[in-house]
Every structure is written in structure tokens, then in C-alpha cells.
Amino acid sequence: MAEYGGKKIRLGEALVLSNTITEEQLQLALEQQRTIGKRLGELLIDQGLITEDLIAQVLSAQLGYPIIELQNIDISPEVKDLVSSSVLKKKRILPIEYVENNMNILRVVMADPLDMDAMDDVSIITGCQVEPLIATPTNIIMAIDRLYGSEEVASALEEYAKERFGTVEEEIVNEDVNNSPIVVLVKEMIEKAARQRASDIHVEPLEKYVRIRYRIDGVLYEKAKYDIKILPAMSARIKIIGGMDISEKRKPQDGRITQMVDRTEYDIRVSILPTVYGEKIVMRLASKTALNREKSQLGLKPNELKQFDHILKNPHGILLVTGPTGSGKSTTLYTALSELNTEDVNIITVEDPVEANIEGINQVHVNPKANLTFASALRSILRQDPDIIMIGEIRDTETAGIAVQASITGHLVVSTLHTNSSSSTITRLEDMGIEPYLIADSIVGVIAQRLVRRLCPSCKKPRPATYEEKQLMDCDVNKDITIYEPCGCIQCDNMGYKGRIGVYEIMEMTPDLKRIISKGGNADEIKDQALKDGMHTLKMSAVEYVLDGITSFNDMMKVSFDI
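Residues numbered from 1 in each chain as written. Predicted model: local features only at pLDDT ≥ 70, side-chain atom pairs only at ≥ 80, totals over all residues. Heavy atoms only, no water.

Participant: Mind showing me how you'd approach the nonpolar core here?
Facilitator: The nonpolar side chains of a soluble globular protein tend to be buried with one another. By size, the foremost hydrophobic cluster in this structure holds 36 residues, and its most contacted members are Leu320, Val350, Ile391, Ile426, Leu429, Ile443 and Met507. Valine 350 has contacts with Val364, Val366, Phe374, Ala377, Leu378, Ile381, Met390, Ile391 and Gly392, leaving out every residue within four places of it along the chain. Core analysis: the next-biggest nonpolar cluster, separate from the first, contains 32 residues, Ala193, Ala194, Val203 and Ile268 among them. (Core = buried A, V, L, I, M, F, W, Y, C linked by side-chain atoms within 4.5 Å. Buried < 20%, exposed > 50% of the residue type's maximum accessible area, 1.4 Å probe, protein only. Contact = heavy atoms within 4.5 Å.)

Participant: Teacher, can you tell me more about empty space enclosed by the protein here?
Facilitator: Leftover empty space is mapped by rolling, across the atoms, a probe with the size of a water molecule. Taken as a whole and judged by the stated rule, the model has one cavity of 30 Å³ or more. By volume, the largest cavity is sized at about 30 Å³. Along its surface, the largest cavity is lined by Asn303, Glu304, Gln307, Tyr504, Glu505, Ile506, Gly534 and His536. (1 Å grid on protein atoms, 1.4 Å probe; cavity = no way out; pocket = protein on both sides within 12 Å on 5 of 7 lines; lining within 4 Å. Points joined across faces, edges and corners; volume = space filled by probe spheres on them.)

Participant: How do you make sense of the sheet that holds strand E3 (residues 93-99) when you look at a structure like this?
Facilitator: Strand pairing in a sheet is mediated by backbone hydrogen bonds. Such pairs are either parallel or antiparallel. Taken in spatial order, the three strands make up an open sheet running E3-E4-E5, and their pairing is mixed. Looking at strand neighbours, the two that pair on one side only are E3 and strand E5 (129-134), the edges of this open sheet. Recorded for the sheet is a direction-independent mean angle of 30° between the axes of neighbouring strands. Relative to E5, strand E4 (residues 102-110) runs parallel, the two sharing six bridges. Note on E5: the bridge partner recorded for valine 108 is proline 132. (Pairing = 2+ DSSP bridges. Helix = DSSP H or I, 4+ residues; strand = E, 2+ residues; numbered from the N terminus. Axes fitted to C-alpha atoms, helices over the stretch in contact; angles between N-to-C directions.)

Participant: Even after reading the chapter, I still don't get the sheet that holds strand E14 (residues 362-365), so can you show me in this structure?
Facilitator: Taken together, the seven strands give an open sheet; going across it, the order is E14-E13-E15-E16-E12-E17-E20, and neighbouring strands pair in mixed fashion. Looking at strand neighbours, the two that pair on one side only are E14 and strand E20 (497-508), the edges of this open sheet. Recorded for the sheet is a direction-independent mean angle of 20° between the axes of neighbouring strands. Each of strand E12 (317-322), strand E16 (412-417), strand E17 (443-455) and E20 touches helix H12 (residues 302-312); the most contacted strand, E20, lies at about 55° to it. Against the sheet, helix H14 (residues 374-381) touches strand E13 (347-351) and strand E15 (388-391), its axis set at about 165° to E13.

Participant: When you look at the environment of methionine 473 in this model, what are you seeing that I'm missing?
Facilitator: By the element assignment, methionine 473 lies in the loop between helix H18 (467-472) and strand E19 (482-485). With a relative accessible area of 4%, methionine 473 lands in the buried category. Between the C-alpha atom of methionine 473 and that of alanine 542, which follows or precedes it by 69 residues, the distance is 9.2 Å. With residues up to four places along the chain from it excluded, the contact list for methionine 473 reads Ala465, Ile483, Val543, Val546, Leu547, Phe553 and Met556.

Participant: What's the story with the pattern of salt bridges in this structure? I'm lost.
Facilitator: When their charged atoms lie close together, side chains carrying opposite charge are able to pair. All told, the structure shown has 28 salt bridges when counted by the stated rule. Across the salt bridge formed by glutamate 204 and lysine 280, the nearest N and O atoms sit 3.1 Å from each other. Linking glutamate 204 in strand E6 (residues 198-205) with lysine 280 in strand E11 (residues 278-287), this pair joins segments that are 76 residues apart in sequence. Residue glutamate 204 is classed as buried on the basis of its relative accessible area of 8%. Between arginine 379 and glutamate 398 there is a salt bridge; the shortest N-O distance is 2.4 Å. Of this pair, arginine 379 sits in helix H14 while glutamate 398 is found in helix H15 (residues 397-408), placing the two residues 19 residues apart along the sequence. Take glutamate 398: its relative accessible area is 41%, and that puts it in the partly exposed class. (Salt bridge = Lys/Arg side-chain N within 4 Å of Asp/Glu carboxyl O.)

Participant: I would appreciate a short explanation of the confidence of the model for the protein in the present structure.
Facilitator: Close inspection of predicted coordinates is inappropriate in any region flagged by low pLDDT. For the protein, the mean per-residue pLDDT works out to 85, and 92% of the residues sit at or above 70. Here residues 1-7 is modelled with pLDDT under 50, and outside its nearest four sequence neighbours on either side it reaches 16 contacts, counting other chains as well. (pLDDT = per-residue confidence, 0-100.)

Participant: I keep staring at the state of the cysteines and nothing clicks. Help me out?
Facilitator: Disulfides are covalent bonds that link the sulfur atoms of two cysteine residues. With the rule as written, the count across this model stands at zero disulfides. In this model cysteine 492 remains outside any disulfide bridge; the closest cysteine sulfur is found in cysteine 456, 3.8 Å from its own. (Disulfide = S-S within 2.5 Å.)

Participant: What's the story with the side chain of glutamate 508 in this structure? I'm lost.
Facilitator: As for its position among the elements, glutamate 508 is in strand E20. Although glutamate 508 lies buried, it forms no salt bridge, and the closest oppositely charged side chain, lysine 306, sits 9.6 Å away as judged by the N-O distance. A distance of 2.3 Å separates a polar atom in the side chain of glutamate 508 from a polar atom in the side chain of histidine 310. Setting aside its immediate chain neighbours within four residues, glutamate 508 contacts Gln307, His310, Ile311, Val444, Gly445 and Leu513. (Lys, Arg positive; Asp, Glu negative; His and termini not counted. Polar contact = N/O pair within 3.5 Å; in protein donor to acceptor, adjacent residues only side chain to side chain.)

Participant: I'm lost on the environment of lysine 239 in this one. Help?
Facilitator: Among the secondary structure elements, lysine 239 is positioned in helix H11 (residues 231-241). Residues lysine 239 and aspartate 493, 254 residues apart in the sequence, show an inter-C-alpha distance of 31 Å. Aside from chain neighbours lying at most four places away, what touches lysine 239 is Met244, Asp245, Ile246, Glu248, Lys249, Gln253, Ile272 and Glu279.

Participant: Looking at this model, I keep getting lost on unusual backbone geometry. Mind explaining?
Facilitator: Among all residues except glycine, the phi angle is most often negative; among peptide bonds, the trans geometry is most common. Within the chain, aspartate 217 stands out as a residue other than glycine whose phi angle is a positive 50°. Examined against the element boundaries, aspartate 217 turns out to sit in the loop between strand E7 (209-216) and strand E8 (219-227). Since its relative accessible area comes to 10%, aspartate 217 is described here as buried. You will see that aspartate 474, though not glycine, has its phi angle at about 60°, which is positive. Within the secondary structure, aspartate 474 sits in the loop between H18 and E19. Looking at aspartate 474, the relative accessible area reads 62%, which means it is exposed.

Participant: Please clarify how the side chain of glutamate 505 should be interpreted in this entry.
Facilitator: Position of glutamate 505 relative to the elements: it lies in strand E20. A distance of 2.9 Å separates the side chain of glutamate 505 from the backbone nitrogen of serine 422, its partner in a polar contact. Polar side-chain contacts of glutamate 505 include one of 3.0 Å to the backbone nitrogen of leucine 538. Excluding anything up to four places from it in sequence, glutamate 505 contacts Ser421, Ser422, Ser423, Val446, Ile447, Ala448, Met535, His536, Thr537 and Leu538.

Right, dumping it as C-alpha cells:
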């Protein structure tokens, strides 16, 4: 609680006073808080009533404490060493400086400046009075990670080296699971990766050390190096939480981990592969909420959105989303399913694995050991009275054949295929043994897609395009064209890029295209006709992003190099 207008105030009251939530919503949340035991702010955020930023703005307005931007904060060593990082994380606070010419007052950034217990703890530890400032919990945790992360790991590993006894397996299984330095190290590694938007964590054994790399926006960045001696312990810990065989070190293994990071549940697929210097571990992080997006967030341009909607209105047929691994196909498919998910349709999916749970959709997990393959599952699904069927991936002739038959008999089928472009998707199906006239009759649309990195808006640098660049972008070489390139700043962690956006090539089926496909036309003939019908190629879409300053020329070339 804090003083406000001469009386004590709580977070709930501040939110009601500012008309952010109603009194009824507050009372309901307080009742839930008594049974669940969560913080009030977290409960309200989980219910979608407010956001972290909104809480910070309300507290700042009601209490008069300023909101602090922590991305580029630099803290002096004497202030940094005052309070341990474990206390800072637990209380979600960060001391940043002394008040000018007064070493008795300490400025402390707080997620909840009404938390008197946290203030008292800092006062007792430091012997200073606390002057509160405000930031969101996420920003505070990320700042603590950045400022204290490497020291935490170093001290944990030092402690591990001192305590080491018996075999690695015995230690990892028998030690107090919450206090073991290796357990802390693995947990922190996953948390930091999630906060930095990483899609994959690579734990790579080299001759003398273990290298940790994160894949962020499609590119690998080295984040840490540890002594090679800790690899067996790390590997053993990851195997335990991933449900794998801890004693098997000679064969590849796959596992799955679920971990909560900042109130978001992450589904982590683990792959372990024996290499010359030890076991290489790759963990793929997928947020349960990341796949359930609004279609407006996919990056579709207005004309593409119109085509996307039009294809989804087909009552039957096949919609294929194509592209290499990591091009965002699953996100597009799940978005399409969420769009089609209404009370009057029966949607069934068959996936390997089920990547995100969607309420109201029946999802089947492929299990080859129980003879539940894509093909066998599809046959059963057709007896379940479906309206819409989603197949995780068309991998073989049998699955492709059933998909075509299902679409012709009045079902809408959505699926993915690994091909480079929309036109080559048609020829791939022919290679699988599907008759051209059946392909022409069943396909309603093909979406080829890639992801390009977004330039950081804070530091991107304009420059004139060169003659060669204009040529490669099919632009007028005599015209002055400005493009942007990455620079790197504190906002984007010196990467020059922040986030990714989809690049699409949408081929909607037309009568002319159907004629060419049914006659067995090749990929070039199909592409030429699709262009006449108004299709934009991946390269054309990527060039638009370069000219709009959204992505760089280099990223555009990566997307369109093989097209």
C-alpha cells in the first residue's frame, strides 16, 4: 500500500479509480486470488482485462512515480552489488542509482510500487531509504538477466565444481532439484532464450568447451561458453526433464519439456545427437499462444488478405501452405483453422506433433508405434463426419491420395508441403502419383511463404540503392531509390533487426490455371498463367518490403535466391 490523497491505496483501488477495471471485476479477481494465491495484477492480465503496460501507466498517474525505460540502463558497480539477483527477481525490483549527493536514498525500479514488503527488504539490506520508480515486470526481469545473467551462471558453475561428487547421474537425480547449480543453469538458459524471442537453443560440445547459441529471427547468435566438463551434467538434466533415457549416450533421442516463463507456457521439443565431443542438444521453443494469432498479425498485405479470405470461403477443396522448415507454415495453418472454427462445423486435425491446442477443434496426434500414421488416421477421420480436415504435412502418395479424395467428396482440406514455390507444388503432387485432372479439380489455392527479418525502426540507416541492386529488384535503374540497412542499437540488442514478417505468394485457382494443370503443364507454364491472373511472386512481395524500409536487400535476396 502507498499514500494517495492522504489515505492508503492498493493496486485494485488504483485500477478502479482510473476506470481501468470495474468494481465488480475487481471483487471477482479478489475472490479468485483468495483461492489461487496469485498476484492481483497477474490474475487481471491472465483474464485479458489489462496489460503490464497499462498497470504501469495507471500506477504512474495515480502515485506520481515516473516510468523508467530499462533497455539501455547502466548501473554503477557499487549499486549493482547492493542486493543479490535472486532477491531482485523474487521481488521484481531493480536498484539503479543513489539520489544526487545523497547516499542514503536509493532509487529502485519496481513492478509494484505499492509493495511495502519489497521496499522494507531493500531498506534493511542496503540501509537506505527507497525512492520508487516504475517499470513492467517483464522489462525488470529482462534487465536483471542482462545485468546479472553471466555472473549468476559463473557462480552456479563454481558452486557445482566445489560440490561435485559421485557420478553425474547420481548428482542430478539425488540433489535438491531446486538448488542444484546445473538445474538452475538449464532453467535460466531456457528462460533467457524465451525472453529473447529465440526459436531454438543449441548446446554444442566442442573440443574444450560447450557453446550455447540461440536462434533469434532465424539467425544463430552465440550467447555463452562453458567448460566441457559440465556437458554430461547438462545433458543428464535435460534428459530427465525431457523424459529420455539418462543412461543412453550412444543413440539419438527425442523428448519434450513444458516450462512456464513469465506466465507463458512453452512447449519445448528436444533432440539429442551423439557427436565426436559429446551429445549435441537442440531445443525448439514454441509458445502455446504464439501459433494462435489474428490473421492481421501474419503480415499479409491488403490484397493478399482479400485472396486469403476468398480461398477460405471455399466449402470444399485443398488449401496447401508451402515453404521450408521454419517459414511460418504452422502459424498460417492454425490462423486459418481459428478463422474457420465456428459452432456449426466439425474440424479434425491429424498432426505430428500437435503444436498448439485450439478450443473446439478435435486434434489427433500421429503415433507410428500404434500404427496411427497420417494415412490411417485420415481414413478414420473420414468416418467422423468432418467438415474441415487439417493434415500436418503431406509426406507420401497415400496421404496425398486420401487428401484429394476427401476434398472431392465435399471436405475442405488444409495442409503443408515442402516446396519452393506455388507452381512447383502442383508438379510435386504429380510426382507423388496424383493425376493432373484430380489436382486441377481439388486444389483451391496454394500459399508459398517465407519469413524475413524486420529492420529495427530505431537504428535502420537509409542509403541509395546501387545499379546492381536496382536490377536485381527489377526497378527502374535510372530512378533514385532509397533502401535501408541494419545498424544495431540497444533497442535491438545490436542485431539491427527486431522480429520477422511473412512474405507470401498466393496462387488462387482460376479456370485458366485448371486447364493448364489438367493438361499436365510444367511449373513454368503454371507460374506464367498465375502471374497473368494477378499472382505476386515471393520476390515481388519481398521487394515491396525493401522499398518500404521494412526489411533489408540482403534478407530479400535470401528469400528470392532460389525462385
